[in-house]
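Overview (structure and organization)
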Amino acid sequence: MAMTAIDRTRRMLSLVTYLRERPGARVDEVARAFGISSDELISDLNVLPMCGTSFRGGDLLDIDTDGEHIWWHNADAVGSGTGQPLRLAADEATALLVAARAVATLPGLRDGDRDALLRATAKLETAAGESAGASSRLSVTFEAEGGVFADVDRAITERRRLRIRYYSPGRDELTDREIDPIRLFAVGHTYVEAWCRRTEARRTFRLDRVARIELLDVPADPPPVEPRDLSEGLVQPAPSDPEVVIEVGPGGRWVAEYYPHDAADELPDGGLRVTLRTPDPATLRRLALRLGGDGRIVSPPELADSARDAARAALELYGEVA
């Protein structure tokens, strides 16, 4: 079963207690105890030093590893038994209460998690006293992506299929499809990796492009696939993908910074000749329109013609307005 953000949070909370009781624990033994790989454990350990009772240096968890053992250098200072009681300033209490109430309204949140959140909110209100008054006059409304995230997270946890209406900017169209979600991840934006039943292939969907979502009473059954390695970014062209050549002026040099490419050769005018690969060259037509006079597609010829036609059609629309 895929690991959700909530599942990982629960694991890391358990990890803190586990490490407190086992100073100098071995990485392989801890990983085995939690049923994860050593790499996943190291990833958790890289996050824990950013957690604590406040963002002051001495209140953060001072945990590190040499790859073989794990050391917690300030376990006593940060521990619940000997550390100072947590005190929230009025603005901190207000921010927590507003955020907690907003999260509790998210569609798709599991009933158990919602109940736990409401209980914690009530306790926080009591502890905050008069400071809680300001939070009752504030409210937060999430954008649509928040509801989509909750539904996807629930579908992954309950192993259920989703029906979505998805916008594909490269083709400028909405499509309806059923997907078996595999995992959520964030690389700049939040995405769901899923097995698409429309194409019978693994696909990645950006949550803010999901126009409609429905949780189905159908078990999700994606075929076993290895999670993609995202260490080099979301877009990782294959050597077999079609080659595209784009020439940009000085104002379009940013293309070489944002798009993985095979080559970026300097041009006499201060621009670049960028050679890149993409599984779907048509998606670069939008890039050509965005560049305007700062760039053009050189090859393949059919893509250059398509971009030229799209630009001409756009200009004709402006002529109609005039």
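Further up the page is the structure itself.
Residues numbered from 1 in each chain as written. Predicted model: local features only at pLDDT ≥ 70, side-chain atom pairs only at ≥ 80, totals over all residues. Heavy atoms only, no water.

1. Some details on the packing of helix H5 (residues 90-104) against helix H6 (residues 111-128)
Just so we agree on the cut-off: For helices, the fitted line uses only the C-alpha atoms of the stretch in contact; every axis is such a line through C-alpha atoms, and the angle between N-to-C directions lies from 0 to 180 degrees. Only DSSP runs of H or I covering at least 4 residues are called helices, and only runs of E covering at least 2 are called strands; the numbering of each starts at the N terminus. Angle categories are assigned with fixed cut-offs, so that under 35 degrees is roughly parallel, over 145 is roughly antiparallel, 65 to 115 is roughly perpendicular, and the rest are oblique. Take the far helix as the reference: if the near one is turned anticlockwise from it by less than a right angle, the crossing is left-handed, and if turned clockwise, right-handed. Between two residues, a contact is recorded if the distance between any of their heavy atoms is within 4.5 Å. Just so you know the grouping, Ala, Val, Leu, Ile, Met, Phe, Trp, Tyr, Cys and Pro go in nonpolar, Asp, Glu, Lys and Arg go in charged, and all remaining residues, Gly too, go in polar.
Where H5 contacts H6, the axes come no closer than 10 Å and their chain directions differ by 155°. One way to sum up the angle between H5 and H6 is to call them roughly antiparallel. Handedness of the crossing formed by H5 with H6: left-handed. When H5 is examined against H6, the residues Ala93, Leu96, Leu97, Ala100, Arg101, Val103 and Ala104 are found in contact with a partner set consisting of Arg114, Leu117, Leu118, Thr121, Leu124, Glu125 and Ala128. Of the residues assigned to the contact of H5 with H6, the class counts are ten nonpolar, one polar and three charged.

2. Brief notes about the packing of helix H2 (residues 27-34) against helix H3 (residues 38-47)
Orientation of H2 relative to H3, taken along the N-to-C sense of each, is 100°, at an axis distance of 9 Å. Judged on the interaxial angle alone, H3 and H2 are roughly perpendicular. Residue-level inspection shows Val27, Asp28, Val30 and Ala31 of H2 in contact with H3, the latter providing Ser38, Leu41 and Ile42. A breakdown of the residues in the contact of H2 with H3 according to their chemical character gives five nonpolar, one polar and one charged.

3. What about the nonpolar core?
Spelled out, the test is: Among the buried residues, those of types Ala, Val, Leu, Ile, Met, Phe, Trp, Tyr and Cys that are joined through side-chain atoms within 4.5 Å form a nonpolar core. When accessible area is computed with a 1.4 Å probe and restricted to protein chains, residues below 20% of their type maximum are described as buried, those above 50% as exposed, and intermediate ones as partly exposed.
If you look at the biggest cluster of nonpolar residues, it comprises 18 residues, and the most contacted ones within it are Leu19, Val30, Leu41, Leu45, Leu48, Ile63 and Ile70. Elements represented by at least two residues in this core include exactly helix H1 (5-20), H2, H3 and strand S2 (70-72). Here this core gets five residues from one element, more than from any other, and that element is H1.

4. Things to note about H2
For clarity, the cut-off: Relevant arc is that of directions from the helix axis to the C-beta atoms, nothing else.
Within H2, the full set of buried residues consists of Val27, Val30 and Ala31. Projected onto a plane normal to the axis of H2, the buried residues spread over an arc of 100° and lie on a single side. Seen from the open side of H2, the exposed residues pointing more than 90 degrees away from its buried face are Arg32 and Ala33.

5. Comments concerning empty space enclosed by the protein
Stated precisely, the cut-off is as follows: Think of a 1 Å grid over the protein atoms and nothing else: a 1.4 Å probe that fits but is trapped marks a cavity, an open set flanked by protein within 12 Å on at least five of seven lines marks a pocket, and residues with an atom within 4 Å of a point count as lining. Grid points are joined across faces, edges and corners, and a volume is the space filled by probe spheres set on the points.
If you walk through the whole model with that rule in mind, you get one cavity of 30 Å³ or more. Taken as a whole, the largest cavity spans an internal volume of roughly 30 Å³. The wall of the largest cavity is formed by Leu19, Arg22, Pro23, Gly24, Ala25, Ile63, Ile70, Trp71 and Trp72. Counting residues per element, the lining of the largest cavity draws most heavily on S2, at three residues.

6. Some thoughts on the sheet that holds strand S9 (residues 263-266)
The test is simple: The pairing criterion is simple: DSSP has to find at least two bridges between the two strands.
What the four strands build is an open sheet, ordered S9-S10-S8-S11; its pairing is antiparallel. Across the chains shown, the open sheet's two edge strands, defined by having one partner strand only, are S9 and strand S11 (295-299). Direction aside, the axes of adjacent strands within the sheet are offset by 20° on average.

7. As for the pairing of strand S8 (residues 243-248)
Along S8, five of the six residues are buried, which leaves the element largely enclosed by surrounding structure. The sheet contact formed by S8 and strand S10 (residues 272-277) spans six bridges and is antiparallel. Of the residues in S10, the one forming a bridge with Glu243 is Arg277. In the sheet, S8 pairs with S11 via four bridges, with the strands oriented antiparallel. In the sheet register, Val245 faces S11, and the bridge partner there is Ser299.

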